Amino acid sequence: MTLDTVFEGATVFDGTGAAPYTADVGVRDGLIHEIGTVRASGGHRVDARGAWLTPGFIDLHTHYDGQASWDQTFSPSIHHGVTTVLFGNCGVGFAPLGSGSRERAVDNLISLMEGVEDIPGAVLAEGVSFDWQSFPEYLDALERRPHSLDFLVQVPHDPLRMAVMGERALERQPATPEDVAAMRQLLREALEAGAAGFSTGRTDNHRTTRGLPTPAAEADAAELIGLASAFEGLGHGVVQLVSDFNLLDGPDGFDAEFDLVETLARHSQRPLSMTWMQREPGAEQWRAIRSRTEAAVAQGLPLWLQTSSRGIGVILGLDTSFHPLMGFPGYIEVAHLPLAARAAELRDPARKARILSERSGRLAGDGSAIPPIVDLMLARIELISGRMFPLTSARADGSVGVDYEPSVAQSLLAMARRRGCSALEAIYDYLAAGAGEQLIHFPIFNYIDGSLEVVREMLQHPRALYGLSDAGAHVGTICDASSTTFLLSHWSRDRQHGALEAARLIEMLTQRNARHLGLKDRGRIACGLRADLNLIDPTRLAPGVPQLVNDLPSGGKRLLQIASGYLGTWVHGVPVIRDRAIATERPGRLVRAH
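Every value quoted in this text rests on a predicted model; they were computed, and no experiment measured them.

A.B. asks: Sorry, what's going on with the overall build of the protein chain here?
C.D. replies: Looking only at helices and strands, one finds 20 helices and 24 strands in the protein chain. In summary, the protein chain has a C-alpha radius of gyration of 24 Å against a globular reference of 25 Å for 594 residues, a match within 12%. Projected onto its principal axes, the C-alpha coordinates of the protein chain cover approximately 75 × 65 × 45 Å. Out of the 594 residues belonging to the protein chain, those deemed buried represent 62%. Distance from the positive charge centre (55 side chains) to the negative charge centre (71 side chains) of the protein chain: 3 Å.

Put into structure tokens, the structure is as follows:
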């Protein structure tokens, strides 16, 4: 029998968490056909000796809702071993559209996505086709487009609410029983058409470009119960939720919000995953989330915790979406200049002295999509600069890399102390140096104690799911699509203390997420399953250095991070990337949940 591809002598991590073993793996017609000693003739033979062969990674938390219209490759996820992505998270997306003014509906959805997920409105207006009305039509439109990776789509709460309630949704009015019934009908229609589930966002940090809270942020129990009932009688679908659990309201506010989470899980009877991280402020809230989740699971509720592999924060630079200098009047005067000219102006001693003597203006508030937490952080710049670090540093071998677990001694605060200046001045000089291309790594969440020990504890929890990459979103401030690569390279190889087993980390990236989504055809290396595969050189695996590039529609810019160490990635047996180069083949497809 002739095979299409044979991986010879690979170190096979099968995705189950079991110890790796050495074997050949043969692929035929997009499926894994043979494992062991493969002697079949023909086909392309890949020398995999010394390399890891893993199932393709499954990313539960992306925001490719718009990018799927203009980018066939789902970059940057394709560079980080991902073969299946799920979008429609956090309650935001682009379908369904309301039945009134199409232009108004599109503008409102763009404003929502730009504000919540930091994707420029001009990029979305030019790049998203909007050749649909209903959610099933949205799925059909995406299915007609070629793609490199497989993808699933959830129904987001905010567009659902806006389609039914119009301006009343934007005003965050309570939904009437008739509104809830109409939303339920649209959600049921989408689920029956193959939508992967339902998502909702309930956090104060999410704002539209007009500075308004998201439409569904305060949806009540009656609305959530009504929407949950759309899953009745169906055997598929997940629920995804992001919430800050009324962080500033104390324990009573937390418990009331978690009660709603349990209500949604109880009435949907579908796996529900929620964002899990150590927030600032509220450093101990993550433990309360864990305790409530464990108690709910003990009662039979299907709750899961989406967990990152590293600190969650932003990348700051003069050309990123925001940075510590952007609110100062003296900076605003030169903000329009090209980057190098702007940096040169900032190095002028008179301008520097003026800016350092000024007070920064308020960035968040009415008419601004910048979340309130930014102003809170900037007001404490001297303190939080202890968690701001130069993004790149030289390694022992002379290469340049990103250290996602730096010590406080590497921080801008420590730099300021050594110089005997304020933290703001140290940040100012760092950003203004050279051509102004320096970037700052600022982990806001999961890094309050100056290490990733909290993340280590989260990753080992039995209800943890790898997620929170936000791939495709926050294009001017983060590039956490690389967190798959970091999960393996840092936690199984580079961390000096408390390393985790590679087999278990790969299980998180593959089988565990596949089972959560109800995908029975992938997530493991086993005969008869899809040949979604990664071939990895474990000695060279690294996330790469983020770079600002202008490759979005309308000339928009984003942070792009290309990994090293992936010798190849295959989707349904077809190579989509080899040695960092994206292939021309497009084997990806819409996966309709049933």
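That was the structure; now back to the text.
A.B. asks: Quick question: what am I supposed to make of helix H17 (residues 423-432) here?
C.D. replies: Because an α-helix packs 3.6 residues into every turn, residues spaced three or four apart end up facing the same way. Extensive coverage of H17 is indicated by the burial of eight of its 10 residues. Looking only at H17, the buried set comprises Ala-423, Leu-424, Ala-426, Ile-427, Tyr-428, Tyr-430, Leu-431 and Ala-432. Looking one or two places after H17, you find Gly-434, whose phi comes out positive at around 55 degrees.

A.B. asks: Quick question: what am I supposed to make of the packing of helix H9 (residues 250-268) against helix H10 (residues 285-298) here?
C.D. replies: Interaxial distance between H9 and H10 falls to 11 Å at its minimum, and their mutual angle equals 40 degrees. By the angle class used here, H9 and H10 are oblique. The hand of the H9/H10 crossing is right-handed. Along the contact surface, H9 presents Phe-254, Asp-255, Phe-258, Asp-259 and Glu-262, while H10 presents Gln-285, Ala-288, Ile-289, Arg-292, Thr-293 and Ala-296. When the residues that make up the contact of H9 with H10 are grouped by side-chain class, the tally is five nonpolar, two polar and four charged.

A.B. asks: Please clarify how unusual backbone geometry should be interpreted in this entry.
C.D. replies: Across residues other than glycine, the phi torsion is negative in most instances, and most of the peptide bonds are trans. Here the residue pair Ser-75 and Pro-76 is connected by a cis peptide bond, since its omega of 15 degrees sits within 30 degrees of zero. Here Pro-76 lies in the loop between helix H1 (67-70) and strand E7 (82-87). Pro-96 follows Ala-95 through a cis peptide bond whose omega is 0 degrees. In this fold, Pro-96 is placed in the loop between E7 and helix H2 (102-117). Its identity is not glycine, yet Phe-245 carries a phi of approximately 55 degrees, on the positive side. Looking at the element boundaries, Phe-245 is found in the loop between strand E10 (238-243) and H9.

A.B. asks: Would you take a moment to explain the pairing of strand E13 (residues 312-316) for this structure?
C.D. replies: Sheet faces and side chains relate simply in a regular strand, where the side chains alternate between the two faces. Here E13 lies mainly inside the structure; five of its five residues are buried. Sheet analysis places E13 next to strand E17 (residues 440-445), joined by five bridges and oriented antiparallel. Bridge pairing in E17 links Ile-312 to Phe-445.

A.B. asks: How should the sheet that holds strand E14 (residues 389-390) be read in this particular structure?
C.D. replies: Taken in spatial order, the three strands line up as E13-E17-E14 in an open sheet, and their pairing is antiparallel. Of all strands in the sheet, those bounded by a partner on one side alone are E13 and E14.

A.B. asks: Teacher, can you tell me more about the pairing of strand E9 (residues 197-202) here?
C.D. replies: Within E9, six of the six residues are buried, which leaves the element mostly enclosed by the surrounding structure. Burial along E9 is two-sided: Gly-197, Ser-199 and Gly-201 and Phe-198, Thr-200 and Arg-202, pointing in opposite directions, are all buried. Pairing analysis gives three bridges linking strand E8 (residues 150-156) to E9, with the strands arranged parallel. Residue pairing in the sheet places Val-155 in a bridge with Phe-198 of E9.

A.B. asks: Is there a simple way to think about the side chain of Thr-203 in this case?
C.D. replies: Along the chain, Thr-203 falls in the loop between E9 and helix H8 (221-228). The class of Thr-203 is buried, set by a relative accessible area of 8%. Among the polar contacts listed, one links the side chain of Thr-203 to the side chain of Asp-244, at a separation of 3.3 Å. Residues contacting Thr-203, with those up to four places away along its chain left out, are Val-242, Ser-243 and Asp-244.

A.B. asks: Hey, could you run me through the nonpolar core in this one?
C.D. replies: Of all hydrophobic cores here, the largest spans 113 residues; its most connected members are Phe-87 and Met-274. Broken down by element, this core gets its largest block of residues, seven residues, from H2.

A.B. asks: Looking at this model, I keep getting lost on the packing of aromatic side chains. Mind explaining?
C.D. replies: What describes a pair of aromatic rings is the distance from one ring centre to the other and the angle between the planes of the rings. Tallied over the entire structure, the rule returns 16 aromatic pairs. With 6.3 Å between their ring centres and 45 degrees between their planes, Phe-74 and Phe-87 make a pair best called tilted. Residue Phe-74 is found in the loop between H1 and E7, and its partner Phe-87 is found in strand E7; the two are separated by 13 residues along the sequence. On the accessibility criterion, Phe-74 (0% relative accessible area) is buried. Ring plane angle 40 degrees and centroid distance 5.9 Å describe the contact between Phe-254 and Phe-258, whose orientation is recorded as tilted.

A.B. asks: I'm lost on helix H5 (residues 157-165) in this one. Help?
C.D. replies: Taken across its nine residues, H5 has eight buried, putting it largely inside the fold. Within H5 the residues assigned to the buried category are His-157, Asp-158, Pro-159, Leu-160, Arg-161, Met-162, Ala-163 and Met-165. In this structure, the buried side of H5 is in contact with H2, E8, helix H6 (167-170), helix H7 (177-192), E9 and H8.

A.B. asks: Could you clarify how one ought to interpret the pattern of salt bridges in this entry?
C.D. replies: Charged atoms that come close allow side chains of opposite charge to pair. Summed over all chains, the structure comprises 46 salt bridges. Between Asp-179 and Arg-168 there is a salt bridge, and its shortest N-O distance comes to 3.0 Å. You can see Asp-179 sitting in helix H7 and its partner Arg-168 sitting in helix H6, a full 11 residues away along the chain. Among the ionic contacts, a cluster of salt bridges with common partners joins Asp-150, Asp-521, Arg-522, Arg-530, Asp-532 and Arg-589.

A.B. asks: Help me out: how do you make sense of the packing of H2 against H5 in this one?
C.D. replies: Working note: a packed helix pair is described by the angle between its axes plus the distance between those axes. For the pair H2 and H5, interaxial distance at closest approach is 11 Å and the crossing angle is 155 degrees. When the axes of H2 and H5 are compared, the pair comes out roughly antiparallel. The hand of the H2/H5 crossing is right-handed. On H5, the residues that touch Asn-108, Leu-109 and Leu-112 of H2 are Asp-158, Pro-159 and Met-162. Its residues assigned to classes, the contact of H2 with H5 comprises four nonpolar, one polar and one charged.

Thresholds applied
- Residues numbered from 1 in each chain as written.
- Predicted model: local features only at pLDDT ≥ 70, side-chain atom pairs only at ≥ 80, totals over all residues.
- Heavy atoms only, no water.
- Helix = DSSP H or I, 4+ residues; strand = E, 2+ residues; numbered from the N terminus.
- Rg over C-alpha atoms; globule rule 2.2 N^0.38 Å.
- Buried < 20%, exposed > 50% of the residue type's maximum accessible area, 1.4 Å probe, protein only.
- Lys, Arg positive; Asp, Glu negative; His and termini not counted.
- Charge placed at Lys NZ, Arg CZ, Asp CG, Glu CD.
- Axes fitted to C-alpha atoms, helices over the stretch in contact; angles between N-to-C directions.
- Parallel < 35°, antiparallel > 145°, perpendicular 65-115°, else oblique.
- Left-handed = near helix turned anticlockwise from the far one by under 90°.
- Contact = heavy atoms within 4.5 Å.
- Nonpolar A, V, L, I, M, F, W, Y, C, P; charged D, E, K, R; others polar.
- Pairing = 2+ DSSP bridges.
- Polar contact = N/O pair within 3.5 Å; in protein donor to acceptor, adjacent residues only side chain to side chain.
- Core = buried A, V, L, I, M, F, W, Y, C linked by side-chain atoms within 4.5 Å.
- Phe/Tyr/Trp six-rings, centres within 6.5 Å; stacked < 30°, edge-to-face > 60°.
- Salt bridge = Lys/Arg side-chain N within 4 Å of Asp/Glu carboxyl O.

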